[in-house]
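Residues per chain are reported as follows:
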Amino acid sequence: MKITELFDRGEFVVSAEVGPPKGINIDHVIEEAKTYLSGITAVNVTDNQSSVMRLGSLATCKALLDAGLNPIFQLTCRDRNRIALQSDLLSAAMFGIENILCLTGDHTKLGDHPGAKPVFDLDSVSLIHTVKLLESGVDLGGNALVGDPPKFAKGAVVSPCSDSVDAQLAKMERKVLAGVDYFQTQAVFEPEKFIAFMEKAKQFGKPVQLGIIIPKGAAMARYMNNNVAGVHVPDDMLAELAADKERAKAGITGVEIAARVIKACRPYCQGVHIMALGWEKHVPALLEQAGI
Amino acid sequence: MLITELKSKEVLESLLTGKVFIINCHGCKEVSFPEKEAEEFEKELLAAGKVTGILTTDYICNPENLQVRLERRRAMIDEADAVLVLSCGVGVQTVAEYLTPKPVFAGCDTVRLPGFQGVTPQEFDCGQCGECYLNYTGGICPITACSKSLVNGQCGGSKNGKCEVDPNMECGWERIYRRLEATGRLDMLKCPTQVRNFATDAEVTK
């Protein structure tokens, strides 16, 4: 099911994210998704996240679909040129995958194959433009498709707590002009920044899902502050995570923090996207505490 | 070696809405410059009364030299609404940086030719991609200033203004945003989606 149908009905859309393993055994990934994520609307599958080579997003999406879940196929422009990207989009549509998320992708130098050639033939904006063309029955080369064109709910990302938020808003507008249907955001820990961002972003009239990471401890939060673009965990949350290590380790503190952020931001957005990073088991508790 | 080719008349005319100061760079020995085409185009602009001055010179990529030559013509530059530079991508970027907040436009596309590469300043680089983007980006090259060579805006990877690939490298698209803001041209960011044509790119055609 296209998640845009739910946005159109005014529902608060909840999605979460799974990362494919570095190998071919995915039974545990599917089982975890079925156990903890079957109650939510859709499940994102990351595409060689952080430029680390893993099992493919498309194959994992198909496995989730077969297990009765509703996948969101993430595509980055780092590893494939326009021919391969369009081919994978057709393949996804053939499998019955209806939701996609278009990203530029991290640079190859950040991952586990730093010597790899970065492609970036297209970027997030021109990829959305390409999907729109395919949906109209024509490919990026101007050639007609044979038979039914694919149809997707087309998502993209934006970073509301970025230190260059004006440039992010400008890029967001380009994605809107290219034809995107919905947005998911980078992880938010500062509701006031998110609310200020949404005041400016609401002019675009596209649904936005608040990005959430459940912080696993003070060390992880500090790591994100130093290394992850657009993510900042404020000092009071760091102190909260550091105060009781056992509580933080058990996920109790992280879930409390994430639930507070969701509650504060909920009136300003149209859904939430949870990047559990292996803590899928805490998603049901988080949703319950956040009152969703 | 490189060739500079004049952009199409429609593109040039769309750039020049008011008065213009023109810089022709006959370049270093590495550059083949479209002298005849440039002269014809400039004659038409002169006849239409749109030109405040023309500087025809060489090595505009040398910032010190360029500064002396531009300052001598400061009144003509101030009178113009924009500056049109007919040179390779390095020359346009050198002029655009020096003259900010004056809008500076590239009149040429830069195409690679096999052979020895000329001397260029370290701060600016031209990828010789054959479809110059400098007019969309305030005179900062997104092909060489962005580690992903993105042509549709900033990715999500900059932190504290620095590139995710190299903490010593400024995010090219943040520089572009600031330049467009300083020159009053932020509306350029709403230009149509750009799709690169690698058939003209040095990397593919070599």
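As the structure is a prediction and not an experimental result, all values here were calculated from the model.

(A) Up close: the overall build of chain A. Helix and strand content of chain A: 12 helices and 8 strands. At 18 Å, chain A has a C-alpha radius of gyration in line with the 19 Å of a compact globule built from 292 residues. In terms of overall dimensions, chain A has a C-alpha envelope of 60 × 45 × 45 Å along the principal axes. The burial tally for chain A puts 55% of its 292 residues in the buried class. A sequence separation of at least 24 residues applies to 78% of the contacts in chain A between residues at least 6 apart. Within chain A, one finds 30 positive and 34 negative side-chain charges whose respective centroids are separated by 2 Å.

(B) Inspection of the overall build of chain B at higher detail. Scanning chain B from terminus to terminus reveals 8 helices and 7 strands. Against the globule reference of 17 Å for 206 residues, chain B gives a C-alpha radius of gyration of 16 Å, in line with a compact fold. In terms of overall dimensions, chain B has a C-alpha envelope of 50 × 40 × 35 Å along the principal axes. Within chain B, the proportion of its 206 residues that are buried is 53%.

(C) Region of interest: the nonpolar core. With 82 residues, the main nonpolar core has A:M172, A:F189, A:L210, A:I212, A:I274 and A:L286 as its most contacted residues. Examining the composition of this core, we find that 7 residues originate from one element, helix α11 (residues 252-265) of chain A, more than from any other. If we ignore the near neighbours within four places in the chain, the residues touching A:M172 are A:V158, A:F183, A:F197, A:A201, A:F204 and A:V208. Within the second largest apolar cluster, 24 residues are counted, among which are B:V104, B:A106, B:C132 and B:L134.

(D) Inspection of the interface of chain B and chain A at higher detail. With 29 residues of chain B at the interface, the matching set in chain A holds 35 residues. When the buried surface of chain B facing chain A is broken down by residue, B:N152, B:Q154 and B:K159 rank first, second and third, together holding 24% of it. Viewed at the interface, chain A and chain B are joined by 1 salt bridge. A salt bridge links B:K190 to A:E173; its shortest N-O distance comes to 3.6 Å. Across the contact surface, chain B and chain A share 16 residue pairs in polar contact (both at pLDDT 80 or more). Here the residues of the side of chain B that touches chain A sort into 11 nonpolar, 11 polar and 7 charged.

(E) Highlighting the pairing of strand β1 (residues 2-6) of chain B. Residue and element names in this part refer to chain B. The sheet contact formed by β1 and strand β3 (residues 31-32) spans 2 bridges and is parallel. Along β3, the bridge assignment pairs I3 with S32. Sheet analysis places β1 next to strand β7 (residues 108-112), joined by 5 bridges and oriented antiparallel. Looking at the pairing, I3 lines up with V111 of β7.

(F) Here's a closer look at the sheet that holds strand β6 (residues 182-187) of chain A. All names here are of chain A. Spatial strand order, β1-β2-β3-β4-β5-β6-β7-β8: 8 strands in a closed barrel with parallel pairing. Sheet twist, expressed as the average angle between the axes of neighbouring strands with direction ignored, equals 25°. Sheet analysis places strand β4 (residues 99-103) next to strand β5 (residues 153-158), joined by 4 bridges and oriented parallel. Bridging across to β5, N99 finds its partner in A153. Contacts from helix α4 (residues 82-95) reach β3 (71-76) and β4, with the element oriented near 175° to β3. Each of β5, β6 and β7 (208-213) touches helix α6 (residues 165-178); the most contacted strand, β5, lies at about 170° to it.

(G) View of the pairing of β7(A). All names here are of chain A. Across the 6 residues that make up β7, a large majority, 6, are buried. By the alternation rule, side chains of β7 split into V208, L210 and I212 and Q209, G211 and I213, which are all buried. In this structure, β7 lies alongside strand β8 (residues 271-275), joined through 5 bridges in parallel fashion. Bridged to I213 within β8 is M275.

(H) Layout of the environment of B:E170. Residues and elements named next belong to chain B. With respect to the helices and strands, the residue E170 is situated in the loop between α6 (142-145) and α7 (172-182). Taking C-alpha positions, E170 is 8.4 Å from A145, a pair spaced 25 residues apart along the chain. In contact with E170, not counting residues within four places along its chain, are A145, G161, K162, C163, R175 and R178. In terms of polar contacts, E170 uses its side chain to reach the side chain of R178, at 2.5 Å.

(I) Spotlight on the pattern of salt bridges. All names here are of chain A. Taken as a whole, this structure holds 26 salt bridges over all chains when the rule is applied. The salt bridge partner of E31 is K34, with a shortest N-O separation of 3.7 Å. Pair noted here: E31 and K34 are both in helix α2 (residues 27-37), with a separation of 3 residues, about one helical turn. Overlapping salt bridges, with partners in common, bring together D47, R80 and D88 in one network.

(J) View of the side chain of A:H273. Residue and element names in this part refer to chain A. The topology assignment puts H273 in strand β8. Its relative accessible area of 2% is what places H273 among the buried residues. For H273, the side chain forms a polar contact with the side chain of S15, separated by 2.8 Å.

(K) Quick peek at the packing of aromatic side chains. Residue and element names in this part refer to chain B. In this structure the tally under the stated criterion is 2 aromatic pairs over all chains. Ring centres 6.5 Å apart and planes at 45° place the aromatic pair Y133 and Y136 in the tilted group. The class for Y133 is buried, based on a relative accessible area of 5%. Under the relative-accessibility criterion, Y136 is labelled partly exposed at 32%.

(L) Main features of a negative patch on the surface. A surface patch of negative charge is lined by B:E35, B:E37, B:E39 and B:E40. With respect to the helices and strands, B:E37 occurs in helix α2 (residues 35-47).

(M) Spotlight on the packing of helix α8 (residues 218-227) of chain A against helix α9 (residues 235-243) of chain A. Residues and elements named next belong to chain A. Viewed as axis vectors pointing N to C, α8 and α9 meet at an angle of 150°, and their least axial separation amounts to 8 Å. One finds that α8 runs roughly antiparallel with respect to α9. Between α8 and α9, the residues in contact are A218, A221, R222 and N225 and L238, L241 and A242, respectively. Considered class by class, the residues forming the contact of α8 with α9 number 5 nonpolar, 1 polar and 1 charged.

Rules used throughout
Along each chain, residues carry numbers from 1 onward, in the same order as the chain's sequence is written. Naming scheme: in the order in which they are written, chains are lettered from A and ligands are numbered from 1. Only residues with pLDDT of at least 70 get local features here, since the model is predicted, and only at 80 or more are side-chain atom pairs given and counted; chain-wide, interface and lining totals rely on the full set of residues. Values reported for side chains reflect all heavy atoms of the structure, with hydrogen atoms and water molecules removed beforehand. A run of H or I in DSSP counts as a helix once it spans at least four residues, and a run of E counts as a strand once it spans at least two, with each numbered from the N terminus. Each radius of gyration is computed over the set of C-alpha atoms, and the globule rule expresses the reference value as 2.2 Å times the number of residues to the power 0.38. Here's how the labels work: a residue is buried when its accessible area is under 20% of the maximum for its type, exposed when over 50%, partly exposed in between, all with a 1.4 Å probe on protein chains only. By definition in these notes, contact holds between two residues if any of their heavy atoms fall within 4.5 Å. Counted as positive: Lys and Arg. Counted as negative: Asp and Glu. His and the chain ends are not counted at all. In this description, the location of a charge corresponds to atom NZ of lysine, CZ of arginine, CG of aspartate or CD of glutamate. Residues enter a nonpolar core if they are buried and are Ala, Val, Leu, Ile, Met, Phe, Trp, Tyr or Cys, with the set joined through side-chain atoms within 4.5 Å. Values labelled buried area give the accessible surface lost by two parts on being combined, using a 1.4 Å probe and summing over both. The salt bridge definition used is simple: a Lys or Arg side-chain nitrogen within 4 Å of an Asp or Glu carboxyl oxygen. Two N or O atoms form a polar contact when they lie within 3.5 Å of each other; inside protein one atom must be a possible hydrogen donor and the other a possible acceptor, and for residues adjacent in sequence the pair counts only when both atoms belong to side chains. As a working rule, the residues Ala, Val, Leu, Ile, Met, Phe, Trp, Tyr, Cys and Pro are called nonpolar, Asp, Glu, Lys and Arg charged, and the rest polar, with Gly in that last group. DSSP bridges decide pairing: two strands pair if at least two such bridges lie between them. Each axis is a line fitted through C-alpha atoms, and for a helix only the stretch in contact is used; angles between axes span 0 to 180 degrees, taken between their N-to-C directions. Between 30 and 60 degrees the pair is tilted, below 30 it is stacked and above 60 it is edge-to-face, where a pair is any two Phe, Tyr or Trp rings, Trp via its six-membered ring, whose centres lie within 6.5 Å. Two joining distances apply to patches: 9 Å for like charges and 5 Å for nonpolar side chains (Val, Leu, Ile, Met, Phe, Trp, Tyr), and every residue must have over 30% relative accessible area and no salt bridge. A 1.4 Å probe and the Shrake-Rupley method give the accessible areas. Residues count as covered only by the protein chains that appear here. Note on terminology: angles under 35 degrees are roughly parallel, angles over 145 are roughly antiparallel, angles of 65 to 115 are roughly perpendicular, and the others are oblique.

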